[in-house]
Amino acid sequence: MRFTSMAATLAAMASGLVGASSFTPAKPPAVPLAVRSPYLNAWLQGDSGCILPGAWPRFWTGQIQGWQGFVAVDGDVYNWLGAAPGPQLANQVSLEYTSTKSIFTFDVGGKVNLTVTFLSPIFPDDLARQSQQFSYISVKARSRDGAVHKVQVYLDVSGEWASGDVSQVINWDHATSGDVSYHQFFRANQQQFAESGEIASWGTWYLSTSFSNGLTWQIGQDTKVRGQFANNRVLNNTKETNFRAVNSDWPVFAFSHDLGDVQSNDEERVLTLGLIQDQVINFAAGLEGLTAVKGLWSSYYDNDVSAVTSFYNDYAHANRLSSNLDNRIQTDSVNAAGQDYATITTLAVRQTFGGLQFAGEPRKPYIFLKEISSNSDIQTVDVIFPAYPIFMYLNASLGRYLLDPLYENQESGAYPNEYAEHDLGTFPVAKGYPAGNDEPMPLEECGNMIIMTLAYAQRTGDVAYLDAHYPKLVQWAEFLVNDSIVPANQLSTDDFAGALANQTNLAIKGIIGLKAMSHIANLTKHEDNWGATADAYLQTWKSYAINTNTTLPHTTLSYGDNNSHGLLYNIYSDKLLGLNFIDQEIFDMQSAFYPTIALEYGVPLDTRHTWTKSDWEMFAAAVSSVETRDMFISKTAHWVGATTSNRAMTDLFDAATGGYPGGGPTFVARPVMGGMFALLALP
């Protein structure tokens, strides 16, 4: 099975194919293919040149996930997906991405146009559909030269999807249900709530398609199955029965459709790929300990096969709703700040939702978030916070489902600290921290929880939610009273930069948190013990935080360090909540300053590095002047198309080079990219 992406790419270059493709709206760092959950998270990496033929799709970690596509035209076989040796590579003509789709077009031998769409639908208002870990692959063929051509299409996946440890034995089967034909495969040694190389070690994978005339299938060794199609343009409807390790003769699971005579009209076939897990999270809601939480999908479907067939048969509906969402986000983004902004937002959607796992039941749904690539924490508050704008834009109730597990765990008495918990453990085990030994970000997380809770309640009118959690909110607000104006030496969300005392940006988050608590008290008809304190703290903060001894006054990184500066992204929350608390002069001051320190790909996060974070840049952009906003957006869109990073969009990069930060962490596929919607989330 192993034929490297580099070898395939070199072969493509020799054929003059690389560089022929167009990219709309830009050539991304990596292309989302099947991205709907932390475990269904497959990409075409940018080191392929974003050319699909000749490259293996990869899990977000970079591990190969075998996925091979062929097309035969009048007996000649071409490769349109994957790096298996043999057939010549189809000529990729274009790639277009939208919020939910990656659309590739190919010129197959000058005879046929092949359009392949990878659809990972987003249903922000439909928990039943959003809870399924499945995606679609649509393959359409039509004549390119006006002549009639005989066309067959082929797709397979390998056992690499089912186990990060390729020495593990997998089992498999083939069956049909109604008009759906499917392969299923899974690890023989199921290890619930365990991972290998970040890939789930439990659950069953399904590759499905329509059971119709012209369909053939086969399960067996990769070279034999692919050779069968390459030589005969048809599969033999058989399965090998010697279950074995993923890397032992590399078993693959294949379908082929004979499209017959293809003329000027599209002939389409659809396949689905995804994962079924009965229980998805192990969660300590309180002192009683861990309890397995079922996948939310199981409340809506009778069993695995029902879920598989329902998803397959829902394609027309899913495609229509996805196109509507694509159009909405594209239009709203362009209207808000132009095409550059749409280039950014549309690339962020699948990545953000790809970090989410939907669990529980309809009366009590949960969304659990995986802090992909940085440390795999579950329910990290300061990762939910930067992602929050996309949820406020699409459906604010999603915000509640993210906050609920954090409230449940802490209100049960299972967390001993006076400040807010940083996370709930390591995905998919949300065990909490009964000893209070989570990563300490006390001011950061208290401010985040108060701000996010109010943002949800404002958009939904759910004042009862504020009442329900009022004692815990008061506890966190009192912590802010004691700690926000002069922050002790501590970490902020940008923990990769290290701890620092008197952080200007961290302090203003706490002060805004106090003002938000004032609004919560008023909404819930409690006495307001925080508004006056916030007002006084703001005046003190301004005297500590602003360097006025310079041509362009600006806030410092830390109090009194006039040789420093940083992105003051935390003032965004004032506008998100409509507090009208922070002086407009501060927004204007920062807007005037940022362009003077901008580098080619963005504005550095602070003076400790030339590194920047694009989520925080969009927070800053959303509350800047139009000119400065457009500067941030233009530089980020430029980065999307020019960065040397080559994996699922990173939020941390060098603003001077556009690459990963030298000597710093490599962040990949993190759901914080929901922060790209900061502008659209404003009321």
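Residues numbered from 1 in each chain as written. Predicted model: local features only at pLDDT ≥ 70, side-chain atom pairs only at ≥ 80, totals over all residues. Heavy atoms only, no water.

## Some words on the nonpolar core
- Counting 186 residues, the largest nonpolar core has W67, W80, L114, F118, F391 and W541 as the members making the most contacts within it.
- Considering every element that reaches this core, the biggest residue donor is helix α7 (residues 381-394), with 11 residues.
- In this view, L114 contacts V71, W80, F104, T105, F106, V108, V139, K140, A141 and V153; residues no more than four positions away in its chain are not counted.
- Core analysis: the next-biggest nonpolar cluster, separate from the first, contains 18 residues, F134, V180, I276 and W297 among them. (Core = buried A, V, L, I, M, F, W, Y, C linked by side-chain atoms within 4.5 Å. Buried < 20%, exposed > 50% of the residue type's maximum accessible area, 1.4 Å probe, protein only. Helix = DSSP H or I, 4+ residues; strand = E, 2+ residues; numbered from the N terminus. Contact = heavy atoms within 4.5 Å.)

## Side note on the packing of aromatic side chains
- On inspection of all chains with the given rule, the structure shows 38 aromatic pairs.
- On the numbers, 6.1 Å between centres and 45 degrees between planes, the contact of F496 with W611 is tilted. Pair noted here: F496 is in the loop between α11 (470-483) and α12 (504-523) and W611 is in strand β30 (residues 611-613), with a separation of 115 residues, a long-range link.
- Here W611 falls in the buried class, since its relative accessible area comes to 8%.
- Among the aromatic side chains, those forming a connected cluster through ring pairs are W67, F104, F106, F118, W161 and W205.
- Over the aromatic face of F667 sits the side chain of R670, whose NZ or CZ is 4.0 Å from the ring centroid. (Phe/Tyr/Trp six-rings, centres within 6.5 Å; stacked < 30°, edge-to-face > 60°. Lys NZ or Arg CZ within 6 Å of the ring centre and 35° of its normal.)

## With respect to the side chain of Q218
- Mapped onto the elements of the fold, Q218 is located in strand β18 (residues 215-221).
- In terms of polar contacts, Q218 uses its side chain to reach the backbone amide nitrogen of N236, at 3.3 Å.
- Contacts of Q218, omitting those with residues within four sequence positions, involve H183, V225, Q228, L235, N236, T238, V252, F253 and A254. (Polar contact = N/O pair within 3.5 Å; in protein donor to acceptor, adjacent residues only side chain to side chain.)

## Concerning the sheet that holds strand β27 (residues 429-430)
- If you trace the three strands from one edge of the open sheet to the other, you get β24-β23-β27, paired in mixed fashion. Of all strands in the sheet, those with a lone pairing partner are β24 (291-294) and β27, marking the two edges.
- Looking at chain direction, strand β23 (residues 279-283) and β27 are connected through two bridges and run parallel. Bridge pairing in β27 places N282 opposite V429. (Pairing = 2+ DSSP bridges.)

## Considerations on helix α16 (residues 614-622)
- For α16, the tally of buried residues reaches nine of nine residues, placing the bulk of the element in the interior.
- Of the residues making up α16, those classed as buried are S614, D615, W616, E617, M618, F619, A620, A621 and A622.

## Re the packing of helix α5 (residues 315-337) against helix α6 (residues 339-353)
- Taken N-terminus to C-terminus, the directions of α5 and α6 make an angle of 140 degrees; their axes are 7 Å apart at the nearest point. Considering how the two elements wind past one another, α5 and α6 form a crossing that is right-handed. Contact with α5, carried on its side by I329, Q330, S333, V334, A336 and A337, involves Q339, Y341, A342, T345, T346 and V349 of α6 and no other residues of that element.
- The residue inventory of the contact of α5 with α6, partitioned by class, reads seven nonpolar, five polar and no charged. (Axes fitted to C-alpha atoms, helices over the stretch in contact; angles between N-to-C directions. Left-handed = near helix turned anticlockwise from the far one by under 90°. Nonpolar A, V, L, I, M, F, W, Y, C, P; charged D, E, K, R; others polar.)

## Some points on the packing of α6 against α7
- In the contact formed by α6 and α7, the axes pass within 11 Å of each other and the chain directions differ by 100 degrees. As far as their axial angle goes, α7 and α6 are roughly perpendicular. Contacts between α6 and α7 involve V349, T352 and F353 from the first element and I390, F391 and L394 from the second. (Parallel < 35°, antiparallel > 145°, perpendicular 65-115°, else oblique.)

## Remarks on the pairing of strand β22 (residues 267-276)
- Counting buried positions along β22 yields eight of 10 residues, so the element is predominantly enclosed.
- Relative to β22, strand β11 (residues 133-143) runs antiparallel, the two being bridged by nine bridges. What sits directly across from A141, in β22, is E267.
- Where strand β17 (residues 204-210) and β22 come together, six bridges link them in antiparallel fashion. Paired with T209 across the bridge in β22 is L271.

## Re the sheet that holds strand β3 (residues 41-45)
- Spatially, the three strands line up as an open sheet ordered β2-β3-β4, and their pairing is antiparallel. The open sheet terminates on both sides in strands that have one partner only, identified here as β2 (30-35) and β4 (58-59).
- Here two bridges tie β3 to β4, and the two strands are oriented antiparallel to one another. Among the inter-strand pairings, A42 is bridged to a residue of β4, identified as F59.
- Where α6 meets the sheet, its contacts fall on β2 and β3, and the angle it forms with β2 comes to roughly 40 degrees.

## Here's the deal with the pattern of salt bridges
- Overall, the coordinates contain 28 salt bridges when judged by the stated rule.
- For D74, the salt bridge identified is with K111, shortest N-O distance 3.6 Å. One end of the pair, D74, is in the loop between β5 (67-73) and β6 (76-81); the other, K111, is in the loop between β9 (101-108) and β10 (112-119), and 37 residues separate them in sequence.
- Here D266 ties to R142 by a salt bridge, and the two come within 3.7 Å at their closest N and O atoms. You can see D266 sitting in the loop between β21 (251-262) and β22 and its partner R142 sitting in strand β11, a full 124 residues away along the chain. (Salt bridge = Lys/Arg side-chain N within 4 Å of Asp/Glu carboxyl O.)

## Overview of the environment of G289
- Tracing the backbone shows G289 in the loop between β23 and β24.
- Setting aside anything within four residues of it in sequence, one finds G289 in contact with F283 and A284.

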